[in-house]
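Coordinate inspection notes
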Amino acid sequence: MNLTEILLESRLVAIVRGISREAAVTAGHGMTNGGIRLMEVTLNTPNAHQIIADWRERHEGQAYIGAGTVLNVSMAKEAVAAGAQFLVSPNVDLSVIEYAVEHGIEIWPGAMTPTEIVAAYEAGAKAVKLFPMASLGIPYLREIKAPLDHIPILATGGATLENMDSYYAAGAAAVGLGSALLPKEALATGDTSKIAAQAKAFVEAAKRKMDR
């Protein structure tokens, strides 16, 4: 399965950082019940590899599981060994991209400048994460896409239900979702239904944009 195609179809990636294994169980069930198809746990999360393995076991056939904050080849290998089906990074490391391409693992490296974005794409990344989107802003994304409209951009940082449409309108092929997707109180109380409702709202918002 080409996960970049899934990315471009669903237009969403859920990003989980800094939560416990117990909270990850709640988050995973809530997000998949809400229709999220791509779920990423960052490797600077305690027990990240165990969360990846848990999610693969629990959500096989519902969602694809990835590793984020992959900073070097060693981290990439460990993530794949744990069960990661795609890799995401905050930076462009050509050796990590080369490893992923050689092993048939989808990778969406993080970049900020046009030079970094093109370098990542030319190295074999099928989509590139624009990061930090919350700081760069919508006008920056729009300007980047003008000359680089052939490169799918995963805009990550600052997305909410209220502003997500503007990300797509500016040229984002997909959006990375973090804290806006996982209400803290729902995680604390194990309320999967509340997380599912939030996830469904994002999924439906992305679908409405695709249908226009």
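Residues numbered from 1 in each chain as written. Predicted model: local features only at pLDDT ≥ 70, side-chain atom pairs only at ≥ 80, totals over all residues. Heavy atoms only, no water.

Bringing the packing of helix H3 (residues 48-59) against helix H4 (residues 73-82) into the picture now. The geometry of H3 relative to H4 is characterised by a closest axis approach of 8 Å and an angle of 35° between their N-to-C directions. Taking contact as the criterion, the partners of His49, Ile52 and Ala53 in H3 are, on H4, Glu78, Ala79 and Ala82. Across the contact of H3 with H4, the residue classes break down as 4 nonpolar, 1 polar and 1 charged. (Axes fitted to C-alpha atoms, helices over the stretch in contact; angles between N-to-C directions. Helix = DSSP H or I, 4+ residues; strand = E, 2+ residues; numbered from the N terminus. Contact = heavy atoms within 4.5 Å. Nonpolar A, V, L, I, M, F, W, Y, C, P; charged D, E, K, R; others polar.)

Our next topic: the layout of surface pockets. Each pocket or cavity is described by its volume, and for the largest pocket that value is around 400 Å³. Contributing to the lining of the largest pocket are 25 residues, with Ile15, Arg17, Leu177, Gly178 and Ser179 lying nearest its centre. At the level of elements, strand S1 (12-16), strand S2 (38-42), strand S9 (174-177) and helix H10 (184-189) are the ones that each hand at least two residues to the lining of the largest pocket. Split into classes, the residues belonging to the lining of the largest pocket amount to 11 nonpolar, 10 polar and 4 charged. (1 Å grid on protein atoms, 1.4 Å probe; cavity = no way out; pocket = protein on both sides within 12 Å on 5 of 7 lines; lining within 4 Å. Points joined across faces, edges and corners; volume = space filled by probe spheres on them.)

Tallied over the entire structure, the rule returns 1 aromatic pair. Plain terms: the ring middles of Phe86 and Trp108 are 4.9 Å apart, the flat faces sit at 35° to each other, and that makes the pair tilted. You can see Phe86 sitting in strand S4 (residues 86-88) and its partner Trp108 sitting in strand S5 (residues 106-108), a full 22 residues away along the chain. For Phe86, a relative accessible area of 0% puts it in the buried group. (Phe/Tyr/Trp six-rings, centres within 6.5 Å; stacked < 30°, edge-to-face > 60°. Buried < 20%, exposed > 50% of the residue type's maximum accessible area, 1.4 Å probe, protein only.)

As a further point, take the sheet that holds S1. Taken together, the 9 strands give an open sheet; going across it, the order is S5-S4-S3-S2-S1-S9-S8-S7-S6, and neighbouring strands pair in parallel fashion. The sheet is open, and its two edges are formed by S5 and strand S6 (110-111), each paired on a single side. In this sheet, S2 lies alongside S1 in parallel orientation, the contact comprising 3 bridges. Across the sheet, residue Val16 finds its bridge partner in S2, namely Val41. (Pairing = 2+ DSSP bridges.)

Let us now look at unusual backbone geometry. Cis geometry is adopted by the peptide bond preceding Pro132, which originates at Phe131 and carries an omega value of 5°. Counting through the fold element by element, Pro132 comes out in the loop between strand S7 (128-130) and helix H7 (133-136). Here the phi dihedral of Arg11 falls at roughly 65°; this positive angle occurs in a residue that is not glycine. Within the fold, Arg11 resides in the loop between helix H1 (3-10) and S1.

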